[in-house]
Amino acid sequence: MIRVVLADDQELVRSGFAMILDAQPGIEVVGEAADGAEAVSLVRSLAPDVALLDVRMPRVDGLAAARTICATTTTKVVMLTTFDSDDYVYDALYAGASGFLLKDVRRDDLVHAVRVVVAGESLLAPSVTRRLIADLTRNRPRTAPAAALDVLTARERETLVLLGRGLSNAEIATALSVSEHTVKTHVSNTLTKLNLRDRVQAVIAAYETGLITPANQ
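Residues numbered from 1 in each chain as written. Predicted model: local features only at pLDDT ≥ 70, side-chain atom pairs only at ≥ 80, totals over all residues. Heavy atoms only, no water.

The next point concerns unusual backbone geometry. Non-glycine residue Ser177 carries a positive phi angle of around 60°. When you line up the elements, Ser177 lands in the loop between α8 (169-176) and α9 (180-193). Taking the relative accessible area as the measure of exposure, Ser177 reaches 69% and is therefore exposed. In this structure, Asn195 takes a positive phi of about 55° despite not being glycine. (Helix = DSSP H or I, 4+ residues; strand = E, 2+ residues; numbered from the N terminus. Buried < 20%, exposed > 50% of the residue type's maximum accessible area, 1.4 Å probe, protein only.)

Listed below in structure tokens is the structure:
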């Protein structure tokens with residue numbers, strides 16, 4: 001059973017998302033919060049698999065809550081935002097969030113996102129991944145040395161490049177002429193060696209180390 005905590009200061013939004021998720025087999029909403037402080041408290045007490053956090057909330061906003069949750073728990077965080085206006089969702093990804101959903105997300109996409117995040121796969125569509133991370137890194141200095149990648153094998157580095165370009169496992173398998181099972185192994189090894197939470201963090205690492213730049217993506 002996938003256990004979810006929802007945090008949004010708009011009760012109708014919370015209730016709507018909860019109704020959608022609770023209606024799905026294998027998903028249960030175990031807690032709802034109206035602000036970031038409540039969200040952190042619920043995550044610590046309930047240990048859900050996923051926390052869906054609105055970016056803008058009173059008392060403690062979603063970004064601050066994401067930092068605390070990602071730093072102190074194993075719960076996966078997904079930010080709820082409006083892409084054009086909530087630029088600081090970039091900071092949420094750096095804090096460890098696994099991605100973001102638009103507040104007007106479709107029912108099926110909401111359910112799919114929760115399942116995908118728990119599975120450790122990529123939450124963001126490839127085109128969104130490339131735009132989001134390229135925008136993020138274009139405006140920030142490189143923060144990780146290239147030598148950090150020395151722990152990877154040549155094939156794992158290739159995998160990281162393709163992850164950074166937003167490719168799915170199937171697309172990476174085609175590009176490397178290997179099976180999807182082999183790709184999953186390479187991705188898992190890459191995340192473990194670089195101490196990364198998920199694929200979104202791997203994309204960021206590819207840019208931060210200079211393995212990929214906005215110019216050569």
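Resuming the write-up.
This next bit is on the pairing of strand β2 (residues 27-33). A regular strand carries its side chains on alternate faces of the sheet. Two strands pair when backbone bridges link them, and strand β1 (residues 2-7) and β2 are joined in this way by six bridges, in the parallel orientation. Note that in β2 the partner of Val5 across the bridge is Gly31. (Pairing = 2+ DSSP bridges.)

Next up on the list: the packing of helix α7 (residues 154-164) against α9. Packed helix pairs are specified by the crossing angle of their axes together with the interaxial distance, meaning the distance between the axes. With their axes 9 Å apart at the nearest point, α7 and α9 run at an angle of 95° to one another. Put simply, α7 runs roughly perpendicular to α9. Residues Arg155, Glu156, Thr159, Leu160 and Leu163 of α7 touch α9, and the partners they reach there are His186, Val187, Asn189, Thr190 and Lys193. Of the residues in the contact of α7 with α9, the class split is three nonpolar, four polar and three charged. (Axes fitted to C-alpha atoms, helices over the stretch in contact; angles between N-to-C directions. Parallel < 35°, antiparallel > 145°, perpendicular 65-115°, else oblique. Contact = heavy atoms within 4.5 Å. Nonpolar A, V, L, I, M, F, W, Y, C, P; charged D, E, K, R; others polar.)

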